[in-house]
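# Summary of the model geometry
This is what each chain is made of:
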Amino acid sequence: MLTDNHGRPINYLRLAVTDRCNLRCFYCMPHEGIDFLPKNHLLSYEEMIRLVSILAKMGITKVRITGGEPFVRKDLIAFLWKLSEIPGVEKINLTTNGVLTAPYVPELKRMGISAINLSLDSLDRKRFLEMTRRDELPNVMKTYESILEHNIPL
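None of the values given here were measured: they were computed from a predicted structure.

How each quantity is defined
- Residues numbered from 1 in each chain as written.
- Predicted model: local features only at pLDDT ≥ 70, side-chain atom pairs only at ≥ 80, totals over all residues.
- Heavy atoms only, no water.
- Pairing = 2+ DSSP bridges.
- Helix = DSSP H or I, 4+ residues; strand = E, 2+ residues; numbered from the N terminus.
- Axes fitted to C-alpha atoms, helices over the stretch in contact; angles between N-to-C directions.
- Contact = heavy atoms within 4.5 Å.
- Salt bridge = Lys/Arg side-chain N within 4 Å of Asp/Glu carboxyl O.
- Buried < 20%, exposed > 50% of the residue type's maximum accessible area, 1.4 Å probe, protein only.
- Core = buried A, V, L, I, M, F, W, Y, C linked by side-chain atoms within 4.5 Å.
- Phe/Tyr/Trp six-rings, centres within 6.5 Å; stacked < 30°, edge-to-face > 60°.
- Lys NZ or Arg CZ within 6 Å of the ring centre and 35° of its normal.

For the rest of this paragraph, the subject is the sheet that holds strand β2 (residues 62–66). Taken together, the 4 strands give an open sheet; going across it, the order is β1-β2-β3-β4, and neighbouring strands pair in parallel fashion. Either end of the sheet is taken by a strand with one partner, and the two such strands are β1 (12–16) and β4 (115–118). Taking the axes of each pair of neighbouring strands and ignoring which way they run, one obtains an average angle of 20° across the sheet. Pairing between strand β3 (residues 91–96) and β4: 4 bridges, direction parallel. Paired with N93 across the two strands is A115, which belongs to β4. Packing against the sheet, helix α2 (residues 76–84) makes contact with β1, β2 and β3, and its axis sits at approximately 170° to β2.

Pairing is possible between side chains that carry opposite charge, provided their charged atoms lie close to one another. As enumerated under the stated definition, the model contains 4 salt bridges in all. Among the ionic pairs, E130 bridges to K126, the shortest N-O distance being 3.3 Å. Of the two residues, E130 and K126 are both situated in helix α4 (residues 125–132); the distance of 4 residues between them amounts to about one turn of the helix. Assessed through its relative accessible area of 60%, K126 is described here as exposed. Three or more residues are tied together by salt bridges with common partners; here these are K126, R127 and E130.

This part takes up the nonpolar core. Within the largest apolar cluster, 29 residues are counted, with the highest numbers of intra-cluster contacts made by V52, V63, I65, F79, L80, L83 and L108. Elements supplying a minimum of two residues to this core: β1, α1 (45–57), β2, α2, β3 and α3 (105–111). A total of 6 residues in this core trace back to one element, the largest contributor, which is α1. Not counting residues up to four positions away in its chain, the partners in contact with L83 are I49, V52, V63, I65, V89 and I92. In terms of nonpolar packing, the next biggest core, distinct from the first, is built from 7 residues, L23, F128, L137 and V140 among them.

On inspection of all chains with the given rule, the structure shows 2 aromatic pairs. When the ring of Y45 is compared with that of F79, the centres are 4.6 Å apart and the planes differ by 15°; the resulting orientation is stacked. With Y45 in helix α1 and F79 in helix α2, this residue pair connects regions lying 34 residues apart in the sequence. Across this residue pair, the class does not change: Y45 and F79 are buried. When the centroid spacing of 5.2 Å and the interplanar angle of 20° are considered together, the rings of F71 and Y104 count as stacked. With a gap of 33 residues between them, F71 in the loop between β2 and α2 and Y104 in the loop between β3 and α3 connect regions that are remote in the sequence. When its relative accessible area of 9% is taken as the criterion, F71 is described as buried. Residue Y104 is classed as partly exposed on the basis of its relative accessible area of 34%. The residue whose ring lies beneath R73 is Y45, and the NZ or CZ to ring-centre distance is 4.2 Å.

Pasting the structure below:
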């Protein structure tokens with residue numbers, strides 16, 4: 001069992017699968033952009049599965065998938081399926097901006113994703129564009145509606 005400096009058990013892992021994002025939110029990314037890590041500096045999916053498998057044996061039961069935006073990384077769904085099969089991992093939560101997520105919501109439900117944290121900066125399209133520098137509110141709202149329709153905790 002993993003514990004922190006105060007002897008409390010650690011059962012939660014936050015795993016960023018990418019540093020890339022398809023939005024350019026002013027509070028997260030400077031207008032001129034950032035230098036992304038070269039692909040060979042990121043853990044492969046195989047390495048992440050191995051890491052989570054080891055940590056699950058040490059008491060990790062909850063995993064939150066984050067990024068950047070997880071859905072900009074190729075083959076995310078196949079990775080999530082493998083992650084969902086790791087013995088000991090009871091909950092997988094996902095943080096997304098929702099731009100690319102809507103088509104995958106039914107499959108996320110089937111694989112047992114426990115909850116989705118949907119980043120939604122504004123319900124006003126003009127304000128959303130100002131904040132994210134992308135006109136993607138309609139896609140985010142499709143994701144929002146699909147998550148609710150599939151009864152995934154949001």
